[in-house]
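Here's the letter readout for the chains.
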Amino acid sequence: MEKILTMISAKVCAAFETAGYDPAYGKVTVSNRPDLCEYQCNGAMPAAKAYRKAPIQIANDVAEKLSDDETFSEVQAVAPGFLNLRLKPSFLASYLEQARTAPHLGVEPDPKAGTVVIDYGGPNVAKPLHIGHLRAAIIGESIKRIQRFFGNETIGDIHLGDWGLQMGLIISELRCRQPELCYFDESFTGEYPAQPPFTLSDLEEIYPAASAKAKTDEAFAAAAHAATVQFQQGRPGYRALWKHIMGVSVPDLKKNYDKLGVSFESWLGESDAQPYIPPMIERMERQGILEQSEGARVIQVQEPTDTKEVPPCIIMKSDGATLYATTDLATIWQRMQTWNPDRILYVVDKRQSLHFEQVFRAAHKAELVRPETELRHIGYGTMNGKDGRPFKTRTGGVMRLETLIDEVTDFVRAKVEENKLVTGDDVEQTTAKIAMAALKYGDLMNTPTKDYIFDLDRFAAFEGNTGPYILYTIVRIKSILARYGAWEDLPITAPETAEAKDLMLALTRLPDALELAYRDCAPSAICAYTYELSGYANKFYHETRILTEEDKQKQQGYIALIGLTRRVLETCIDLLGFEAPEKM
Ligand code: ARG
């Protein structure tokens, strides 16, 4: 449905026209002086220049044309030539009633919606998920939900890091520890065992041990590199070990992403793109876009308009090895062949921005995508500790994601218990929901590219701009609605009080907030809106006797209003990737 600003602007534009002026001057904006008016139009000022008249005269002419319009309760021309506007309560109510009963609360889907792949995983198999993966998961999940809301077919692709040196490290370490295993016997021709020779906790110990060893032991590092190459070239015993590593590691990754409320439609990895590499390089050779550079095969991606140097994208090193960029290009080609997306969004650390710039340009040059396919990197900054440096464990290590979630959960549980918010079985459920809201909102409220400080005290506070505050607002509304009874079909009616009107005006701004978040891939726009709306909702709640109101008509209007507020808030937090408990 049409946005309220569009409708109001149309009215004012028409009034400019009937008053004899160019309708283009009638654009309306939300007032920046809410104490004076709700909306404003400043078009009389530029019009004054064009028509060589005093702006106030033009404003007066237009105001007169709008004097008995059913949209406005007040149209005031004020010096030097502003038009201050207030909406008629009945107009506002009928607008919101239409939104209440429309699909998606009246927010229009993108007419150009298509298929979107979102790459927001990138965990490296066999290494536990750590906090470096947190932002990709949280921001990516939200962006996926926003893309879907606007009518796109979305595919969240985890893009597992399952092809790199970590495999060779684990294989080599295992070989040191258990050289007798059949996986290392090159003459072995039987079936490899179905059971893995290690457990998840073995694996979690083996990888860091191997990685540390490779840093001091050159021979070991060389062996790990050799094992990586042999694995990549298809040595059967190593491939069998790789399968075991995947089999043990992937369910654990799933479990951890589940805890975060993050899911992927596709669990493909770097390994799945490898078969696409040889034909892709052959095709690039035929296209004549590969150049020789110091023995390597590269694609030049510098453009005449560049103000900085963009180094060539290296496709193959002189020893025939392919690189991270090669895999990403092959993955793009694979995705185009599998899903033919209109857009591929990468939610990856902003330190990889040059890599993506090179890959995107190379992908277009090699025609791996359609000319109109949008490739976009949404780079995020670092999550820092209170000291302003990358967040670490107390002992200075990289914190596992599981540990972080546990710490947030314990902190929230203590608050839930201390304040006796809920009891019995509800404690864990409520705690988990508040913990997710604290963690996710604390991240999403920031512009993705900015670094931010992880501050549990602040994130988990029930007051201020936090996830738990939003949940608290929703839960409060839910509890009134539950006590009232059936509310779902009550129509929105004209506001009785200033607080009700403010809340209604805030509700009309939902489409603007969501469109901004969609266009800029910025969940932070939804956070800002949700916080603003919660403020109006709480103010209304404080100033209004809802359940004790004796005038049933009035009461129904109040209930319908908070019912709609609840649906809008719940829609917003769903797009952010968390949900409200029943009680708190
Ligand atoms: N596994 C990579 C890393 O640890 C991240 C992958 C991001 N996605 C991509 N398509 N390159 O840095």
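The structure this text deals with has already been given above.
Quick caveat, the model's predicted, so the values are computed rather than measured.

The rules we used
Residues numbered from 1 in each chain as written. Predicted model: local features only at pLDDT ≥ 70, side-chain atom pairs only at ≥ 80, totals over all residues. Heavy atoms only, no water. Phe/Tyr/Trp six-rings, centres within 6.5 Å; stacked < 30°, edge-to-face > 60°. Buried < 20%, exposed > 50% of the residue type's maximum accessible area, 1.4 Å probe, protein only. Lys NZ or Arg CZ within 6 Å of the ring centre and 35° of its normal. Salt bridge = Lys/Arg side-chain N within 4 Å of Asp/Glu carboxyl O. Helix = DSSP H or I, 4+ residues; strand = E, 2+ residues; numbered from the N terminus. Near = heavy atom within 4 Å. Polar contact = N/O pair within 3.5 Å; in protein donor to acceptor, adjacent residues only side chain to side chain. Areas by Shrake-Rupley, 256 points an atom, 1.4 Å probe, with all protein chains shown as cover. Nonpolar A, V, L, I, M, F, W, Y, C, P; charged D, E, K, R; others polar. 1 Å grid on protein atoms, 1.4 Å probe; cavity = no way out; pocket = protein on both sides within 12 Å on 5 of 7 lines; lining within 4 Å. Points joined across faces, edges and corners; volume = space filled by probe spheres on them. Core = buried A, V, L, I, M, F, W, Y, C linked by side-chain atoms within 4.5 Å. Contact = heavy atoms within 4.5 Å. Pairing = 2+ DSSP bridges. Axes fitted to C-alpha atoms, helices over the stretch in contact; angles between N-to-C directions.

Before going further, it helps to examine the packing of aromatic side chains. On inspection of all chains with the given rule, the structure shows 23 aromatic pairs. Relative to Trp267, the ring of Phe264 has its centre 5.9 Å away and its plane inclined at 85°; by these criteria the two rings are edge-to-face. Taking relative accessible area as the criterion, Phe264 reaches 8% and is therefore assigned buried. Residue classification places Trp267 among the partly exposed positions, given a relative accessible area of 24%. An aromatic cluster is defined as three or more aromatic residues linked by ring pairs; in this entry it consists of Phe16, Tyr21, Tyr25 and Tyr51. Lying over the aromatic face of Tyr238, Arg235 brings its terminal NZ or CZ to 4.1 Å of the ring centre. Geometry around Trp267 places Lys254 over its ring, the cationic atom sitting 4.5 Å from the centre.

Enumeration according to the criterion identifies 47 salt bridges in this entry. For Glu374, the salt bridge identified is with Arg343, shortest N-O distance 3.8 Å. Linking Glu374 in strand β11 (residues 374-380) with Arg343 in strand β10 (residues 343-349), this pair joins segments that are 31 residues apart in sequence. According to the relative accessible area criterion, Glu374 is partly exposed, its value standing at 27%. The exposure class assigned to Arg343 is buried, which follows from its relative accessible area of 14%. Two residues, Arg458 and Asp455, come together in a salt bridge whose shortest N-O distance is 3.9 Å. Taking the relative accessible area as the measure of exposure, Arg458 reaches 42% and is therefore partly exposed.

Relative to the helices and strands, Ala486 is located in the loop between α17 (467-484) and α18 (498-507). Residue Ala486 is classed as exposed on the basis of its relative accessible area of 67%. Spatially, the C-alpha atoms of Ala486 and Glu499 are 24 Å apart, while their sequence positions differ by 13 residues.

What follows covers the site of the ligand. As a structural note, the neighbourhood of the ligand is formed by Asp119, Gly122, Asn124, His159, Tyr324, Asp328, Tyr346, Val348, Gln352 and Phe356. Between the ligand and the protein, one listed contact pairs a nitrogen atom with a side-chain N or O atom of Asn124 at 3.1 Å. With respect to the ligand, the side chain of Gln352 contributes an N or O atom lying 3.1 Å from an oxygen atom. Starting from 350 Å² of accessible surface for the ligand in isolation, the protein chains cover 83%. Elements that contribute at least two residues to the shell around the ligand include exactly α12 (324-339) and β10. Class assignment for the residues of the shell around the ligand results in four nonpolar, four polar and two charged.

Turning to empty space enclosed by the protein, a few remarks are in order. Applying the stated rule across the entire model yields four cavities of 30 Å³ or more. Space inside the largest cavity adds up to approximately 90 Å³. For the largest cavity, the full set of lining residues is Met1, Tyr95, Leu96, Ala99, Leu105, Gly106, Leu507, Thr508, Leu510, Pro511, Leu564 and Val568. Looking at the lining of the largest cavity, the elements with two or more residues in it are α4 (89-101), α19 (510-519) and α21 (552-576). A per-element tally of the lining of the largest cavity places α4 first, with three residues. The class makeup of the residues in the lining of the largest cavity is ten nonpolar, two polar and no charged. Of all elements in the fold, only α7 (200-216) and α9 (236-259) reach the threshold of two or more residues within the lining of the second largest cavity. Its residues assigned to classes, the lining of the second largest cavity shows six nonpolar, one polar and three charged.

Side chains that are nonpolar tend, in soluble globular proteins, to be buried together. Of all hydrophobic cores here, the largest spans 157 residues; its most connected members are Val12, Leu404 and Leu439. Looking at this core, the element that brings in the most residues is α21, giving twelve residues. Apart from the residues within four sequence positions on either side, Val12 is in contact with Gly26, Val28, Cys41, Val62, Leu66, Phe72, Leu83 and Leu85. Judged by nonpolar contacts, the second largest core, of 32 residues, contains Ile281, Ile289, Cys313 and Met336.

What follows covers the side chain of Thr544. Of note, Thr544 is situated in the loop between α20 (524-543) and α21. A polar atom in the side chain of Thr544 sits 2.6 Å from the backbone oxygen of Phe540.

With respect to topology, four strands assemble into an open sheet ordered β6-β5-β10-β11, the strand pairing being parallel. Two strands lie at the open edges of the sheet, namely β6 (153-157) and β11, each paired on one side alone. Averaged over all pairs of adjacent strands, the angle between their axes in this sheet comes to 20°, without regard to strand direction. Two elements, strand β5 (residues 115-119) and β10, share four bridges in a ladder whose sense is parallel. The partner of Ile118 across the bridge, within β10, is Leu345. Across the sheet, α12 is in contact with β5, β6, β10 and β11; its angle to β10 comes to roughly 145°. Sheet strands touched by helix α13 (residues 353-365): β10 and β11. Its angle to β11, the strand with the most contacts, is close to 175°.

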